[in-house]
Amino acid sequence: MRYVDGYVLPVPRKNLRAYRGIARKAGALWKEHGALEYRECAGDDLDLKWGVPFPRLLKLKRGETAVFAWIVFKSRGHRDSVNAKVMKDPRLAKMMEPKKPVFDYKRMVYGGFKVMVDA
């Protein structure tokens, strides 16, 4: 059964262009190492009146938006294998070492999920 790693993170709107550049490189890296899909989406309609809106979940500051991202794998074992390869790839470390990070890593929300419905 397919497996998904999901992420939600705060990104200052002024950094979206730089973040997109890093995300494109990261997506290519994960796909090269075997991920089936890689998606990153910038928040657009986040001011909702029900549930826990992303701005409240992430404690977004003025000028920030939420980025919702996911990576699809064949299975959890496949995810573990792909992620191990990605984490060892020196290109990832190079992407993550800008002098000034484009988002606050400590506020990123992350988890692994078993796919329940694949319609």
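Residues numbered from 1 in each chain as written. Predicted model: local features only at pLDDT ≥ 70, side-chain atom pairs only at ≥ 80, totals over all residues. Heavy atoms only, no water.

(A) The overall build of the chain, seen in detail. When you go through the chain residue by residue, the secondary structure sums to four helices and four strands. Secondary structure elements in the chain, listed N-terminal to C-terminal, are β-α-β-α-β-α-α-β. Relative to the globule expectation of 14 Å for 119 residues, the C-alpha radius of gyration of the chain, 15 Å, shows essentially globular dimensions. Buried residues in the chain amount to 37% of all 119 residues. Intrachain contacts of the chain at a sequence separation of at least 6 include 85% that bridge at least 24 residues. Surface exposure of the chain reaches about 8,400 Å², of which carbon and sulfur atoms provide 57%. With 26 positive and 13 negative side-chain charges, the chain shows a spacing of 4 Å between the two charge centroids. (Helix = DSSP H or I, 4+ residues; strand = E, 2+ residues; numbered from the N terminus. Rg over C-alpha atoms; globule rule 2.2 N^0.38 Å. Buried < 20%, exposed > 50% of the residue type's maximum accessible area, 1.4 Å probe, protein only. Contact = heavy atoms within 4.5 Å. Areas by Shrake-Rupley, 256 points an atom, 1.4 Å probe, with all protein chains shown as cover. Lys, Arg positive; Asp, Glu negative; His and termini not counted. Charge placed at Lys NZ, Arg CZ, Asp CG, Glu CD.)

(B) Expanded view of the environment of Phe54. For Phe54, the location among the structural elements is in helix α2 (residues 54–58). Once the C-alpha coordinates of Phe54 and Lys31 are considered, the two residues, 23 residues apart in sequence, prove to be 27 Å apart. Look past the residues within four positions of Phe54 in its chain and what remains in contact with it is Val8, Leu46, Leu60, Ala66 and Phe68.

(C) Spotlight on helix α1 (residues 16–32). Helix length check: α1, at 17 residues, gives a terminal C-alpha distance of 24 Å against a target of 24 Å (1.5 Å per residue), a fit within 8%. The set of residues buried in α1 consists of Tyr19, Ala23, Ala26, Gly27, Leu29 and Trp30. Taken end-on, α1 shows its buried residues confined to a sector of 160°, consistent with a single buried face. Exposed side of α1, more than 90 degrees from the buried face: Arg17, Arg24, Lys25 and Glu32 are the residues found there. (Expected span 1.5 Å × (residues − 1). Arc of directions from axis to C-beta.)

(D) Spotlight on the side chain of Arg79. Here Arg79 lies in helix α3 (residues 76–88). Arg79 sits in the buried class, given a relative accessible area of 9%. One polar contact links Arg79 to Asp5, side chain to side chain, over a distance of 2.7 Å. A polar side-chain atom of Arg79 sits 2.8 Å from a polar atom in the side chain of Asp80. If sequence neighbours within four positions are ignored, Arg79 has contacts with Tyr3, Asp5, Phe73, Tyr110 and Gly112. (Polar contact = N/O pair within 3.5 Å; in protein donor to acceptor, adjacent residues only side chain to side chain.)

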